[in-house]
Amino acid sequence: MSQVYRQGGMDADVIIVGGGMVGLALACALKDSGLHIVVIERAEAQVCYSLGRDCRVSAIVRGNQQILAGIGVWRYLEADAEPIRAMRVWDNQEPGGIRFDAAEINEPAMGYLIENSCTQAAMHRAMLESDDIEYLCPAEIAALEWFDERVQVSLSDGRVLNTPLLVGADGGRSWVREQAGIACCERDYGQHGIVATVRPERGHGGAAYQRFLPTGPLAVLPMTEGLCSIVWSAENDEAGRLMAMSDGEFLAAMNATFGPVLGRVTEAGERAAFPLVGRLAHHVVRDRVALVGDAAHCIHPLAGLGVNLGLRDAMVLAQEICDARRFDEDWGELAVLNRYMKQRMPDVLSVMASMEGFHQLFTRDLPGLKGLRGLGMRLVGNSGSIKKLLMRNSTGLSLPVPKQIS
């Protein structure tokens, strides 16, 4: 056990609030560190099934797949992951488009499409390999109290835990963030994302498709066994209309909008919709508190990069904690946590700015914008070096993020 756990009177070296993918990834990254980790989750997530699959999915980019391999999770996930070997993007208003292919950057895949529940189950299996991780679920926090060298966490069942570092991994409406007095700026996109599993006539061949429409983008992503996951982002009124349709009406709308790229879509499972809101915490750290994942930042899902940012948060924070322990530093002190913040903010801000730029570019109807979009797509598609750089950045391969904790 760690020095703080043995000698500091602490009940845990790190307490992670939130048992979603990012919180569990942080626990898995620390499972061989010798630190005592406690994960607190209010309740197990309810899975919404569509054609027998979790309709909430994530496109884990290639760089983050290597992270999951490095923390011992990928071996439990590989059978459930569909490689995304290519991606085609096109504008509703312009012919042609851009095709990205993993072979162009000498990689087997740009990313992997995985059901969120499968990812969480794999992380649970990896956590069980360590005796130093406690998973408390269902468990609810009644109160937090800050002291100079610790945070006191009082649970609703009467238990009291003390830790030098509390990590908020509890989602976009983070209770930890609120209790820590950290404000955030918010951007309501006026859209809902509709998710479902669909069955196309033809095989997808490991290709993902994204069509930008005036009301929002439609993404069709490859799943195992020839199925596809859709994420249809639409303005609120249009999303309401799509959700109110019968199954037959929705299939007709899907085929009319997506076109015959994969033949007809012959079946669509149950749909779910969620509001699209962007958020950025004014601070991602304060003394004895660090925020990761959606608790720190939420972005538009048009490129599916939200969870990927969170996984990189988890890895950088885990490395900073382990480095601080190695040099006998208190990893809950602001000086240590600021190192995590400084490493992560360039990545977070650049991705958020890119997503906002794409959103504005493809949803605003300004004079000359249509031609500019078409020209930009042709330039990127025809420029090998720019295209490869864009692919390596979007797949996380060129970012200075540890793939495993040393």
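I will try to describe carefully the structure that is included in this document. (Residues numbered from 1 in each chain as written. Predicted model: local features only at pLDDT ≥ 70, side-chain atom pairs only at ≥ 80, totals over all residues. Heavy atoms only, no water.)

## Examining the overall build of the protein chain
Consideration 1: Per the secondary structure count, the protein chain includes 11 helices and 23 strands.
Consideration 2: Among the 406 residues that make up the protein chain, the fraction classed as buried is 55%.
Consideration 3: Considering only contacts in the protein chain between residues 6 or more positions apart, those separated by 24 or more positions represent 74%.
Consideration 4: Of the roughly 17,100 Å² that the protein chain leaves accessible, carbon and sulfur atoms contribute 51%. (Helix = DSSP H or I, 4+ residues; strand = E, 2+ residues; numbered from the N terminus. Buried < 20%, exposed > 50% of the residue type's maximum accessible area, 1.4 Å probe, protein only. Contact = heavy atoms within 4.5 Å. Areas by Shrake-Rupley, 256 points an atom, 1.4 Å probe, with all protein chains shown as cover.)

## Describing the layout of surface pockets
Consideration 1: A volume near 210 Å³ is recorded for the second largest pocket.
Consideration 2: Lining the second largest pocket are 13 residues; nearest its centre among them are Ala29, Asp32, Ser33, Ile405 and Ser406.
Consideration 3: Of all the secondary structure elements, the ones that give two or more residues to the lining of the second largest pocket are helix 2 (21-29) and helix 8 (306-326).
Consideration 4: It is helix 8 that provides the largest number of residues to the lining of the second largest pocket, a total of three residues.
Consideration 5: Grouping the constituent residues of the lining of the second largest pocket by class yields five nonpolar, four polar and four charged. (1 Å grid on protein atoms, 1.4 Å probe; cavity = no way out; pocket = protein on both sides within 12 Å on 5 of 7 lines; lining within 4 Å. Points joined across faces, edges and corners; volume = space filled by probe spheres on them. Nonpolar A, V, L, I, M, F, W, Y, C, P; charged D, E, K, R; others polar.)

## Some details on the sheet that holds strand 13 (residues 160-163)
Consideration 1: Taken in spatial order, the three strands make up an open sheet running 11-12-13, and their pairing is antiparallel. Looking at which strands have only one partner, the edges of the open sheet turn out to be strand 11 (141-146) and strand 13. Strand-to-strand twist in this sheet, taken as the mean axis angle between neighbours without regard to direction, amounts to 20°. (Pairing = 2+ DSSP bridges. Axes fitted to C-alpha atoms, helices over the stretch in contact; angles between N-to-C directions.)

## Examining the pattern of salt bridges
Consideration 1: Applying the stated rule across the entire model yields 20 salt bridges.
Consideration 2: Among the salt bridges present, the one from lysine 31 reaches aspartate 32, with a minimum N-O distance of 3.4 Å.
Consideration 3: For aspartate 330, the salt bridge goes to arginine 288, with nearest N and O atoms at 2.6 Å. With aspartate 330 in the loop between helix 8 and helix 9 (334-363) and arginine 288 in the loop between strand 21 (285-286) and strand 22 (289-291), this residue pair connects regions lying 42 residues apart in the sequence.
Consideration 4: Overall, the relative accessible area of 22% leaves aspartate 330 in the partly exposed class.
Consideration 5: When its relative accessible area of 2% is taken as the criterion, arginine 288 is described as buried.
Consideration 6: Beyond isolated ion pairs, a larger network of salt bridges with shared partners links Lys31, Asp32, Arg75 and Glu129. (Salt bridge = Lys/Arg side-chain N within 4 Å of Asp/Glu carboxyl O.)

## Concerning the environment of glutamate 82
Consideration 1: Mapped onto the elements, glutamate 82 comes out in strand 6 (residues 82-84).
Consideration 2: In contact with glutamate 82, not counting residues within four places along its chain, are Gly111, Tyr112, Leu113, His204, Gly206, Pro222, Met223 and Thr224.

## So, the packing of helix 2 against helix 4 (residues 116-127)
Consideration 1: Between helix 2 and helix 4, the least distance of the axes is 10 Å, while the angle of their chain directions is 25°. What the angle tells us is that helix 2 and helix 4 run roughly parallel. By crossing handedness, the relation of helix 2 to helix 4 is classed as left-handed. Every residue of helix 4 that contacts helix 2 at Met21, Leu24, Ala25, Ala27 and Cys28 is listed here: Asn116, Thr119, Gln120, Met123, His124, Ala126 and Met127.
Consideration 2: Its residues assigned to classes, the contact of helix 2 with helix 4 shows eight nonpolar, four polar and no charged. (Parallel < 35°, antiparallel > 145°, perpendicular 65-115°, else oblique. Left-handed = near helix turned anticlockwise from the far one by under 90°.)

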